[in-house]
Amino acid sequence: MRRARAVRPGATTPAATGATKLCLERVRAERNCILGNNTSDGMSLGTTTTAVDCRVKRVPEPYDHVLVVSGVYRAPSDAGSKYCGEGSSDRRTYWSLVVANRTVLVCFTYPNS
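As the structure is a prediction and not an experimental result, all values here were calculated from the model. (Residues numbered from 1 in each chain as written. Predicted model: local features only at pLDDT ≥ 70, side-chain atom pairs only at ≥ 80, totals over all residues. Heavy atoms only, no water.)

A. Spotlight on the environment of Thr109. Here Thr109 shows up in strand S5 (residues 104–109). C-alpha of Thr109 to C-alpha of Gly71: the two residues are 38 residues apart in sequence and 9.5 Å apart in space. Within the local environment of Thr109, its side chain forms a polar contact with the backbone oxygen of Thr93, the two atoms lying 2.6 Å apart. (Helix = DSSP H or I, 4+ residues; strand = E, 2+ residues; numbered from the N terminus. Polar contact = N/O pair within 3.5 Å; in protein donor to acceptor, adjacent residues only side chain to side chain.)

Dropping the structure here:
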């Protein structure tokens, strides 16, 4: 499994306004959590501009999962969740977003997995 290079959260993230950029940097930082909904097509991620408490006991509808940002990396040309694992023995399930004009790979997994 190849690993993408780490990027300081928000380092290459353009935004329309300073307020938006600040919010996106916070959510895209490692160990922050967002909401997700498991669908027949995979995981549908909630808004990535709002962080949630990773320890939340009840997830608001329509969501059914809390996902943690496991890494923020410089995106390779074929970026995807295959770059999110932490070595060949890592068996966790990952989801990913490629943002900032396909320059930043944001990886998600289940908290405490």
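B. Structural detail: the packing of aromatic side chains. All told, the structure shown has one aromatic pair when counted by the stated rule. Measuring from centroid to centroid gives 5.1 Å for Trp95 and Tyr110, while their planes differ by 80°, and the two rings are edge-to-face. Here Tyr110 lies in the segment after S5 and Trp95 lies in strand S4 (residues 95–99), a separation of 15 residues in the sequence. (Phe/Tyr/Trp six-rings, centres within 6.5 Å; stacked < 30°, edge-to-face > 60°.)

C. Examining unusual backbone geometry more closely. In this structure, the amide linkage connecting Glu61 to the following residue, Pro62, adopts the cis form with an omega of 10°. You can see Pro62 is positioned in the loop between strand S2 (42–45) and strand S3 (65–74). Residue Asn101 is not a glycine yet carries a positive backbone phi of 55°. Following the sequence through the fold, Asn101 ends up in the loop between S4 and S5. We classify Asn101 as exposed; its relative accessible area is 71%. (Buried < 20%, exposed > 50% of the residue type's maximum accessible area, 1.4 Å probe, protein only.)

D. How the structure looks around the sheet that holds strand S1 (residues 33–39). Pairing in this open sheet of five strands is antiparallel, and the strands run S2-S1-S3-S5-S4 from one edge to the other. Edge positions in the sheet fall to S2 and S4, since each of these pairs with one other strand and no more. Shown here is a sheet whose adjacent strand axes are inclined to one another by a mean of 40°, direction ignored. Inspection of the sheet shows S1 paired to S3 by four bridges, in the antiparallel sense. Looking at the pairing, Leu35 lines up with Val66 of S3. (Pairing = 2+ DSSP bridges. Axes fitted to C-alpha atoms, helices over the stretch in contact; angles between N-to-C directions.)

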